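Topology and contacts: notes
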Amino acid sequence: MRTVLGHFCTGVAVITGHDGDRPVGFACQSVTSVSLDPPYVSFCPAHTSGSWPVIRATGRLCINILSDDQHGVCAQFAVSGGDKFAGIDWSPGGNGAPALHGALATIEADVAFEHSAGDHTIVVADVTCLRASEGRRPLLFYRGGYGGFA
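Everything numeric in this text was worked out from a predicted model, so none of it was measured.

**What about the UniProt feature "domain: Flavin reductase like" (unreviewed entry) in the protein chain?**
Within the UniProt annotation, "domain: Flavin reductase like" (unreviewed entry) is assigned to residues 5–148. Note that residues 5–148 is 11% helix and 46% strand, and that its end C-alpha atoms are spaced 18 Å apart.

This is the structure:
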């Protein structure tokens, strides 16, 4: 399954939140638009995620769509534990969740509902703010590797 679905090129995002004491986040490639009215997006954290329960508890998050020069940021947020924000520049979004500097786009949202799905959770979030940076290109994930547009 991983091999075949690896042929589907996706963008890469970091889902972030802030619990009032510290920022938390995780890398995610399962971000998608769900609905324009109401404005919903979705993503799928693993049941083993240590960051997702913290973000879920706040109810507010930021989806940071990574630029092609942010492979290191992706790698830093793809690991479990530790200070994933060490050396990462960010600012609090309007909802308090970290907006990563240099991201291609940011989507601030509130958790609307969740569905358990195998070893992951499907999260649907209500979009509250959108921002995009012009002149940047996306970080892409394809067949187990990272790249961008040639």
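**Quick notes on helix 2 (residues 51–58)**
Taken together, the buried positions of helix 2 are occupied by Ser51, Trp52, Val54 and Ile55. Within helix 2, the buried residues cover an arc of 160° as seen down the axis, which keeps them to one side. Tucked into the core, helix 2 has its buried residues touching strand 2 (13–18), strand 3 (23–28), strand 5 (40–43), strand 6 (60–65), strand 9 (105–117) and strand 10 (120–132). Gly59 sits one or two positions beyond helix 2 and adopts a positive phi of about 80°.

**Some remarks on the sheet that holds strand 5**
Within the open sheet, the 7 strands sit side by side as 3-2-6-9-10-5-4. Their pairing is antiparallel. Both outer strands of the open sheet, strand 3 and strand 4 (32–35), are each paired with one neighbouring strand and no more. Each neighbouring strand pair of the sheet contributes to a mean axis angle of 35°, computed without reference to strand direction. Bridge analysis of strand 6 against strand 9 gives 6 bridges, and the strand direction is antiparallel. Opposite Cys62, over in strand 9, you have Glu108 as the bridge partner.

**Looking at the sheet that holds strand 11 (residues 140–142)**
Across the sheet, which stays open at both edges, the 3 strands sit in the order 1-11-12 with antiparallel pairing between neighbours. Looking along the sheet, the strands with just one partner apiece sit at the ends: strand 1 (10–11) and strand 12 (145–147). Bridging between strand 1 and strand 11 involves 2 bridges; their strand directions are antiparallel. Counterpart to Thr10 in the pairing with strand 11 is Phe141.

Procedures and definitions
Residues numbered from 1 in each chain as written. Predicted model: local features only at pLDDT ≥ 70, side-chain atom pairs only at ≥ 80, totals over all residues. Heavy atoms only, no water. UniProt positions renumbered as here; feature names shortened; annotations may be inferred. Helix = DSSP H or I, 4+ residues; strand = E, 2+ residues; numbered from the N terminus. Buried < 20%, exposed > 50% of the residue type's maximum accessible area, 1.4 Å probe, protein only. Arc of directions from axis to C-beta. Contact = heavy atoms within 4.5 Å. Pairing = 2+ DSSP bridges. Axes fitted to C-alpha atoms, helices over the stretch in contact; angles between N-to-C directions.

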